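What the coordinates show
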Amino acid sequence: MNIITAQLGHILHNCIRFNIKCSWSRSHFTYYPTSLGTGNRMNMFNAINNAIDLALDEDKSALLFGEDVGFGGVFRCSVNLRDKYGSQRVFNTPLCEQGIAGHCGLCMCRCFRHLAFMTSTYSTVKSYSSSSNRMRVNVELELLIENSFAIGVANTGATAIAEIQFADYIFPSFDQIVNEAAKYRYRSGGLFDCGSLTFRVPCGAVGHGALYHSQSPEAYFAHTPGLRVVVPRGPIKAKGLILACIRDPNPCIVFEPKTLYRAAVEDVPTEYYTSPLGKADILRHGKDVTLIGWGTQVHVLLEVAETANLKLNIDCEVIDLVSILPWDTDAICTSAKKTGRVIIAHEAPLTQGFGSELASYIQEKCFLHLEAPVKRVTGWDTPFPHVFEPFYMPDKHRCLSAINDIVNF
């Protein structure tokens, strides 16, 4: 309790110090929409639904599945898709994340019938007469049985779009994702792969989620070669990233900040488009301090940049990292060398959060250009709290304090 009291006092001190109006609303951020000038008004879950709709329409082998997905999902991202594409392509799975990603006897019994549409493909392959082709069919069937469901579907050449209902529950499937999906191409010498495999994973703080519905586990997966990991900041980016991941020849994870599903509203193009993977977005140009974030935290930093300019006369550059794996080293280092000061902010805990990797790389590659050590503003090294969530978050007050500290280092 003393720690929480101290944090509250620090926040109030900064509000008085910088003459900031302190907001105690449930939301810890103000949303800054991206504008492309055209499109239909959509919130983020509408944009994700539109992206999946386009993917299912374009690719007849695509399957969408997960817990409650057939009913529209708990966040409504798949609403009406089962009615449009049928229960053989859009369906619920058992409450078993390990089975959604990989092998699980319970999930196999329930889900194997959804592979019926692929039997014609197997029949065609089996008709080949050479022993090498017969061997390939046997290996494919063996791999399918061993690694149902998402990995097995993708391994046969179909497109798998799997939803893990909350990021907090992705850990039972961790072994399947990092030891099977990510390594298939390498372990088979390029004979097999798990491209066309996309995991959609709602993540992050939502205002009332507590320890089992608020986590941001992107750093766990960033340590795994063979995966792509991205985090959208809003509807336009979410649609483009999902469609890019579905097309990518590598297994992908899209961590979707669930607090943005309804809070984020933009004019989203209705056509099929993709956003580049591995590229950061510079959302605000500046010369004094580089602010780096992803997902919801980007909007915190955009507000902080405006406040710093207005109250402290400090010109901040704001970068949305977008892609965690691989990440855009060129954009980050270019900005760090220009401003000489870097602050990284994310909701995940401080220790071994992905900000650690960014800070280490910047110190190594840009050391002679830096005017101060790289700073991190993050969640605390504790389980994600419930009633104390406002004190856990790397909010605008903590970020503004970090800007003041780094400039006066």
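A brief structural summary. All values reported here derive from a predicted model rather than from experimental measurement.

**Topic: the environment of Ala205**
Along the chain, Ala205 falls in the loop between strand 5 (197–203) and helix 11 (218–222). Overall, Ala205 belongs to the buried group, its relative accessible area being 2%. The sequence separation of Ala205 and Thr296 amounts to 91 residues, and the corresponding C-alpha distance is 8.9 Å. With residues near it in sequence (within four places) discarded, Ala205 still touches Ser214, Thr259, Glu347, Phe384, Glu389 and Met393.

**Looking at unusual backbone geometry**
Note that the residue after Leu325, namely Pro326, is joined by a cis bond; omega there is -10°. The residue Pro326 is located in the loop between strand 12 (323–325) and helix 15 (329–339) in this model. Despite not being glycine, Asn313 shows a phi value in the positive range, around 60°. Tracing the backbone through its elements, the reader meets Asn313 in the loop between helix 14 (297–312) and strand 11 (316–320). Since its relative accessible area comes to 63%, Asn313 is described here as exposed. The phi dihedral of Val322 is positive, around 65°, even though this residue is not glycine.

**Details of helix 14**
Between its first and last C-alpha atoms helix 14 spans 21 Å; for 16 residues at 1.5 Å apiece the expected length is 22 Å, and the two agree. When helix 14 is considered as a whole, its buried residues turn out to be Gln297, Val298, His299, Val300, Leu301, Leu302, Glu303, Val304, Ala305 and Ala308. Those residues of helix 14 that are buried are in contact with helix 13 (260–263), strand 9 (281–284), strand 10 (289–293), strand 11, strand 13 (342–349) and helix 18 (396–407). Trailing helix 14 by a residue or two, Asn313 shows a phi angle of about 60°, which is positive.

**A word on the pairing of strand 8 (residues 265–268)**
Judged by which residues are buried, strand 8 turns out to be one-sided: Glu266 and Val268 face inward and are buried, whereas Val265 and Asp267, on the alternate face, are not. Bridge analysis of strand 1 (residues 40–43) against strand 8 gives four bridges, and the strand direction is antiparallel. Paired with Asn43 across the two strands is Val265, which belongs to strand 8.

**Topic: the sheet that holds strand 3 (residues 90–92)**
Sheet architecture is open: seven strands sit in the order 3-2-4-5-7-6-12, paired in mixed fashion. Either end of the sheet is taken by a strand with one partner, and the two such strands are strand 3 and strand 12. Along the sheet, successive strands turn relative to each other by an average axial angle of 20°, direction set aside. Taken together, the four bridges between strand 4 (residues 160–163) and strand 5 define a ladder with parallel strand orientation. Paired with Ala160 across the bridge in strand 5 is Leu197. Against the sheet, helix 12 (residues 235–247) engages strand 4, strand 5, strand 6 (228–230) and strand 7 (252–257), with an angle of about 165° to strand 7.

**Quick word on the layout of surface pockets**
Space inside the largest pocket adds up to approximately 540 Å³. Residue lining of the largest pocket: 25 residues in total, with Ala219, Tyr220, Thr351, Gln352 and Gly353 positioned closest to the centre.

**Topic: helix 12**
Here helix 12 contains 13 residues, and its C-alpha end-to-end distance of 19 Å stays within 8% of the 18 Å for a straight helix at 1.5 Å per residue. Among the 13 residues in helix 12, twelve count as buried, and that is most of the element. Taken together, the buried positions of helix 12 are Pro235, Ile236, Lys237, Ala238, Lys239, Gly240, Leu241, Ile242, Leu243, Ala244, Cys245 and Ile246.

**Points about empty space enclosed by the protein**
Counted by the stated rule, this structure contains one cavity of 30 Å³ or more. Considering the residues around the largest cavity, the lining is formed by Cys203, Gly204, Ser216, Glu218, Val231, Pro257, Trp294, Gly295, Thr296, Gln297, His346 and Glu347. Of the residues belonging to the lining of the largest cavity, the class tally is four nonpolar, six polar and two charged.

**Notes on the sheet that holds strand 13**
With respect to topology, five strands assemble into an open sheet ordered 9-11-10-13-14, the strand pairing being mixed. Of all the strands in the sheet, the pair left with one neighbour each is strand 9 and strand 14 (375–379). Averaged over all pairs of adjacent strands, the angle between strand axes in this sheet comes to 25°, irrespective of strand direction. Here five bridges tie strand 10 to strand 11, and the two strands are oriented parallel to one another. Its bridge partner lying in strand 11, Thr290 is registered against Glu317. Here helix 14 sits on the sheet and contacts strand 9, strand 10, strand 11 and strand 13; the angle it forms with strand 11, its principal contact strand, is near 175°. On the sheet, helix 18 packs against strand 10, strand 11, strand 13 and strand 14 and is oriented at approximately 165° with respect to strand 14.

**Brief notes about the packing of helix 15 against helix 16 (residues 354–366)**
Following both chains from N to C, one finds helix 15 and helix 16 inclined at 60°, their axes separated by 10 Å at the closest point. Here helix 15 lies oblique to helix 16, going by the angle between them. Considering only the axes of helix 15 and helix 16, their crossing is right-handed. In this structure, helix 15 uses Thr329, Ile332, Cys333, Ala336 and Lys337 to contact helix 16, whose residues at the interface are Tyr361, Ile362, Lys365 and Cys366. For the contact of helix 15 with helix 16, a count of residues per class yields six nonpolar, one polar and two charged.

**Overview of the packing of aromatic side chains**
Under the counting rule described, the total for this entry stands at 15 aromatic pairs. With a centroid separation of 6.4 Å and 85° between ring planes, the pair formed by Phe166 and Tyr169 is classed as edge-to-face. Exposure remark for Tyr169: the relative accessible area of 31% places this residue in the partly exposed category. Centre to centre, the rings of Trp327 and Phe354 are 6.4 Å apart; their planes meet at 85°, and the pair counts as edge-to-face. Residue Trp327 is located in the loop between strand 12 and helix 15, and its partner Phe354 is located in helix 16; the two are separated by 27 residues in the primary sequence. Among the residues examined, Trp327 registers a relative accessible area of 12% and is labelled buried. Among the residues examined, Phe354 registers a relative accessible area of 6% and is labelled buried. Note that Arg187 overlies the ring of Tyr184, its terminal NZ or CZ placed 4.9 Å from the centroid. If you follow Arg398 out to its NZ or CZ, it ends over the ring of Trp380, 4.2 Å from the centre.

Here is what the cut-offs are and how they apply
- Residues numbered from 1 in each chain as written.
- Predicted model: local features only at pLDDT ≥ 70, side-chain atom pairs only at ≥ 80, totals over all residues.
- Heavy atoms only, no water.
- Helix = DSSP H or I, 4+ residues; strand = E, 2+ residues; numbered from the N terminus.
- Buried < 20%, exposed > 50% of the residue type's maximum accessible area, 1.4 Å probe, protein only.
- Contact = heavy atoms within 4.5 Å.
- Expected span 1.5 Å × (residues − 1).
- Pairing = 2+ DSSP bridges.
- Axes fitted to C-alpha atoms, helices over the stretch in contact; angles between N-to-C directions.
- 1 Å grid on protein atoms, 1.4 Å probe; cavity = no way out; pocket = protein on both sides within 12 Å on 5 of 7 lines; lining within 4 Å.
- Points joined across faces, edges and corners; volume = space filled by probe spheres on them.
- Nonpolar A, V, L, I, M, F, W, Y, C, P; charged D, E, K, R; others polar.
- Parallel < 35°, antiparallel > 145°, perpendicular 65-115°, else oblique.
- Left-handed = near helix turned anticlockwise from the far one by under 90°.
- Phe/Tyr/Trp six-rings, centres within 6.5 Å; stacked < 30°, edge-to-face > 60°.
- Lys NZ or Arg CZ within 6 Å of the ring centre and 35° of its normal.

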